[in-house]
Amino acid sequence: MLDFLPRFVKGSLSFLLYLINTVVLCSILLSVALVKLLVPIQAFKKYYDIILVAIAMTWIRINAFNTDLFNKIDWRFNGAEGLEKNEWYILLCNHQSWVDILVLQKMFMDKVPMLKFFLKKELIWVPILGLAWWALDFPFMRRYSSEFLRKNPHLKGKDLESTKKACERFKTIPVCIVNFVEGTRFKPAKHKRQNSPYKHLLKPKAGGVAFVLSAMGDCMHKIIDVTIVYPDGADTFWGFISGRVKKIIVDVKVLPITSDIKGDYFNDPEFRDRFCDWINTIWREKDNKISSLL
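For the structure given in this document, a descriptive report is provided here. (Residues numbered from 1 in each chain as written. Predicted model: local features only at pLDDT ≥ 70, side-chain atom pairs only at ≥ 80, totals over all residues. Heavy atoms only, no water.)

Thoughts on the overall build of the protein
Each helix and strand counted, the protein has 10 helices and 8 strands in total. Relative to the 2.2 N^0.38 estimate, which gives 19 Å for 294 residues, the radius of gyration of the protein is 20 Å and therefore close to what a compact globule would have. Projecting the C-alpha coordinates of the protein onto the three principal axes gives extents of approximately 60 × 55 × 45 Å. The buried share of the protein, taken over its 294 residues, is 47%. Taking contacts inside the protein between residues at least 6 apart in sequence as the whole, the part at least 24 apart equals 73%. Distance between charge centroids for the protein: 5 Å, based on 43 positive and 29 negative side chains. (Helix = DSSP H or I, 4+ residues; strand = E, 2+ residues; numbered from the N terminus. Rg over C-alpha atoms; globule rule 2.2 N^0.38 Å. Buried < 20%, exposed > 50% of the residue type's maximum accessible area, 1.4 Å probe, protein only. Contact = heavy atoms within 4.5 Å. Lys, Arg positive; Asp, Glu negative; His and termini not counted. Charge placed at Lys NZ, Arg CZ, Asp CG, Glu CD.)

Written as structure tokens, this is what we have:
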């Protein structure tokens, strides 16, 4: 509606709306979370969680309105038919920009349960949002390097314990767990350093996906394989809110969760090889799809 405004004006007004929305809604959310913390009655826990998710979804809807208000983007959203809000999903996606999160939230709003992400431990210190993510039970993960674990062997497996605890919490209310399988945003330098066999993607990291499927396989319904394409190139958050992004393609493929992709990834070498072949097949198809969409 306001796409005619100069980019700097659009970006500034849009950022202001994001800021107001975040401060107001997060303040309300944290107030409810404080009540949940001070009055930890188990019978009320589900209702606290429902209220917290409703507040978070209001924040997402206002952000989506913000996007449409200031930018005229040609959205192409394919293949999401048949998804339900009362089911459990794991969503696998390529990762190019922090804008991916806003895109996923807008496109899957009211189609699946609230999206939840595994976050790096350091992100809990992000002003306002860090506490909001904590209140919403987003799992904060601490990744240890191989060298660090050699010096501190007692910490081996701690990140998996955190994942398992998060998965247990996710069983109480429908959720869509998002996994950026590459583990980091795509950058040409990273692509070259990895010597990735894919043209548009970094190498997939299978362990996190395998663990979630193993820990939640009894309640997880389907896999949502998402491919995000920016025909004009992935942009920054400022580029997104100021109108540089003109077209976004979100292609969806819904996959079944079969018994052959559930197993002990970390202790069963045969299963690990089979699972890696499965995820690499998905990644090859995704890479070809990006080429065709571009």
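The structure having been displayed, the exposition proceeds.
Looking at the pairing of strand β7 (residues 222-229)
In terms of burial, β7 is largely enclosed, as 7 of its 8 residues are buried. For β7 and strand β8 (residues 247-256), the ladder comprises 8 bridges, and the chain directions are antiparallel. The residue bridging Asp225 from the neighbouring strand is Lys253, located in β8. (Pairing = 2+ DSSP bridges.)

Regarding the side chain of Glu87
Along the polypeptide, Glu87 turns up in the loop between β1 (74-78) and β2 (89-93). A polar contact is formed between the side chain of Glu87 and the side chain of Tyr89, at a distance of 3.1 Å. Once you skip the residues sitting within four places of it in the chain, Glu87 turns out to touch Pro113, Pro174, Val175 and His221. (Polar contact = N/O pair within 3.5 Å; in protein donor to acceptor, adjacent residues only side chain to side chain.)

Here's the deal with unusual backbone geometry
Among all residues save glycine, negative phi is the norm, and among peptide bonds the norm is trans. If you check the backbone angles, Asp110 has positive phi at about 70 degrees while not being a glycine. Of note in this structure, Asn195 is not a glycine but carries a positive phi near 55 degrees. Here Asn195 lies in the loop between α7 (188-194) and α8 (207-216). Classification of Asn195 as exposed rests on a relative accessible area of 63%.

Digging into the packing of aromatic side chains
This model, assessed by the stated rule, comprises 7 aromatic pairs. Where Tyr18 meets Phe237, the ring centres are 5.4 Å apart and the plane angle is 65 degrees; that geometry is what we call edge-to-face. Note that Tyr18 is positioned in helix α1 (residues 7-38) and Phe237 in helix α9 (residues 237-241), a separation of 219 residues in sequence. (Phe/Tyr/Trp six-rings, centres within 6.5 Å; stacked < 30°, edge-to-face > 60°.)

Considerations on the side chain of Ser242
Its place among the elements puts Ser242 in the loop between α9 and β8. Judged by its relative accessible area of 2%, Ser242 falls in the buried class. For Ser242, the side chain forms a polar contact with the main-chain oxygen of Trp238, separated by 2.7 Å. Those residues within four positions of Ser242 in sequence are excluded, and the remaining contacts are Arg7, Lys10, Gly11 and Asn71.

A few points about a negative patch on the surface
Residues Asp264, Asp268, Glu270, Asp273 and Asp277 make up a contiguous surface patch of negative charge. For Asp264, a relative accessible area of 36% gives the class partly exposed. (Patch = residues over 30% accessible without salt bridge, like charges linked within 9 Å, V, L, I, M, F, W, Y side chains within 5 Å. Areas by Shrake-Rupley, 256 points an atom, 1.4 Å probe, with all protein chains shown as cover. Salt bridge = Lys/Arg side-chain N within 4 Å of Asp/Glu carboxyl O.)

Describing the sheet that holds strand β3 (residues 115-117)
The 6 strands are arranged β1-β8-β7-β2-β6-β3 in an open sheet whose pairing can be described as mixed. Two strands close off the open sheet at either side, each with one partner strand: β1 and β3. Put simply, the sheet's adjacent strands are angled 25 degrees from each other on average, direction ignored. In this structure, β1 lies alongside β8, joined through 5 bridges in parallel fashion. Each residue of the ladder has a partner; that of Arg76, found in β8, is Ile249. Running over the sheet, helix α3 (residues 99-108) touches β1, β2, β3, β6 (176-180), β7 and β8 and is turned about 125 degrees from β7. Against the sheet, helix α10 (residues 269-293) touches β2, β7 and β8, its axis set at about 35 degrees to β7. (Axes fitted to C-alpha atoms, helices over the stretch in contact; angles between N-to-C directions.)

Remarks on the packing of α1 against helix α2 (residues 45-70)
Where α1 meets α2, the axes come as close as 10 Å, and the angle between the chain directions of the two elements is 175 degrees. Relative to α2, α1 is oriented roughly antiparallel. Each residue belonging to the contact of α1 with α2 can be placed in one class, and the counts come to 18 nonpolar, 7 polar and 4 charged. (Parallel < 35°, antiparallel > 145°, perpendicular 65-115°, else oblique. Nonpolar A, V, L, I, M, F, W, Y, C, P; charged D, E, K, R; others polar.)

Details of a nonpolar patch on the surface
A grouping of Leu34, Val35, Leu37, Leu38, Val39, Ile41, Phe44, Tyr47, Ile50, Leu131 and Trp134 is seen on the molecular surface, where their side chains present a nonpolar patch of about 1,100 Å² in accessible area. Among the elements of the structure, α1, α2 and α4 (129-135) are those that each provide at least two residues to the nonpolar patch. Looking at the nonpolar patch element by element, the count peaks at 4 residues for α1. For Leu131, a relative accessible area of 47% translates into the label partly exposed.

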